[in-house]
Amino acid sequence: MSAYRDRFAGRTAVVTGGASGLGKAAAARIVAEGGRVVLWDLNAQALTAAAAEVGAAHVIALDVADPDAVAAAAEASAQALDGRIDILVASAGITGATVPVQDFPVDSWKRVVDINLNGVFYCCRAVVPFMLANGYGRIVNVASVAGKEGNPNASAYSASKAGVIGFTKSL
Ligand SMILES: NC(=O)c1ccc[n+]([C@@H]2O[C@H](COP(=O)([O-])OP(=O)(O)OC[C@H]3O[C@@H](n4cnc5c(N)ncnc54)[C@H](O)[C@@H]3O)[C@@H](O)[C@H]2O)c1
């Protein structure tokens, strides 16, 4: 049961990380309140299940850290949504290693920043032209209190989420 039944009537959304957790819940809420959603996620199997659960219009399996894949997905999503992308919920994210900085694996640092920070930028960059063309846009980039306060032993996660907060403020 939704508190605002038609809040998203006529609106369309792309939700990254839409196969799980906060992204899936946000997508379900948008659909329940009258909107149409396309789910993006790395996990193709989970996407299929989430699409049925949420009632998604379309799904795209991709890595948000791949700017070309993100750009292609934005085009395909707009097509599936009658030319509109009104809303972006950028929820895809990973935690990475949780170890002291001197032991932090460089590969894990790079992957966390690539997904949590660069990925958010790629997604915003790809959908904003559709929002501008249609004169409407709302973006929710999911950060974390870790980006505000810093989490012990989670240097990459904390730094990437701080970056998301800064980037979002600059939009
Ligand atoms: N759960 C929490 O307590 C919490 C707190 C603060 C912030 N967050 C943030 O909220 C967001 C969602 O977290 P969650 O708890 O729902 O996590 P989750 O693991 O349930 O969902 C994240 C989804 O992102 C997808 N994903 C991961 N890497 C990807 C990639 N490279 N490309 C595309 N999709 C990818 C995963 O497959 C997964 O479906 C994350 O950005 C997380 O950092 C979560």
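Here's what I pulled together on the structure shown here. All values derive from a computational prediction rather than experimental measurement.

### Comments concerning the site of the ligand
In the vicinity of the ligand there are 21 residues, among which Ser20, Leu22, Asp41, Tyr157 and Lys161 approach most closely. Residue Asp63 places a side-chain N or O atom 2.8 Å away from a nitrogen atom belonging to the ligand. Within the contact set of the ligand, an oxygen atom lies 2.7 Å away from a side-chain nitrogen or oxygen of Lys161. Protein burial of the ligand: of its 830 Å² of free accessible surface, 71% is covered by the chains. Residue assignment for the shell around the ligand shows that the elements contributing at least two residues are α1 (21-32), α4 (106-134) and α6 (155-170). Along the lines of polarity and charge, the residues of the shell around the ligand split into 10 nonpolar, seven polar and four charged.

### Examining the nonpolar core
The biggest cluster of nonpolar side chains holds 27 residues, and the ones touching the most others in it are Trp40, Leu62, Val64, Val70, Leu88 and Val127. Only β2 (36-41), α3 (67-80), β4 (87-90), α4 and α6 provide two or more residues apiece to this core. Those residues in contact with Val127, other than ones at most four positions away along the chain, are Trp40, Ala74, Ile85 and Leu88. The next biggest cluster of nonpolar side chains, apart from the first, holds 15 residues, and it includes Ala27, Val37, Leu39 and Leu47.

### Observations regarding the packing of α1 against helix α2 (residues 44-54)
Their axes nearest at 9 Å, the elements α1 and α2 cross at an angle of 30 degrees. On the basis of the axis angle, α1 is roughly parallel to α2. Once α1 is placed against α2, the crossing between them reads as right-handed. Contacts from Lys24, Ala27, Ala28 and Val31 of α1 reach α2 at Ala50, Glu53 and Val54. Taken together, the residues that form the contact of α1 with α2 break down as five nonpolar, no polar and two charged.

Calculation criteria
- Residues numbered from 1 in each chain as written.
- Predicted model: local features only at pLDDT ≥ 70, side-chain atom pairs only at ≥ 80, totals over all residues.
- Heavy atoms only, no water.
- Near = heavy atom within 4 Å.
- Polar contact = N/O pair within 3.5 Å; in protein donor to acceptor, adjacent residues only side chain to side chain.
- Areas by Shrake-Rupley, 256 points an atom, 1.4 Å probe, with all protein chains shown as cover.
- Helix = DSSP H or I, 4+ residues; strand = E, 2+ residues; numbered from the N terminus.
- Nonpolar A, V, L, I, M, F, W, Y, C, P; charged D, E, K, R; others polar.
- Core = buried A, V, L, I, M, F, W, Y, C linked by side-chain atoms within 4.5 Å.
- Buried < 20%, exposed > 50% of the residue type's maximum accessible area, 1.4 Å probe, protein only.
- Contact = heavy atoms within 4.5 Å.
- Axes fitted to C-alpha atoms, helices over the stretch in contact; angles between N-to-C directions.
- Parallel < 35°, antiparallel > 145°, perpendicular 65-115°, else oblique.
- Left-handed = near helix turned anticlockwise from the far one by under 90°.

Spatial relationships are all this shows, so hold off on functional conclusions.
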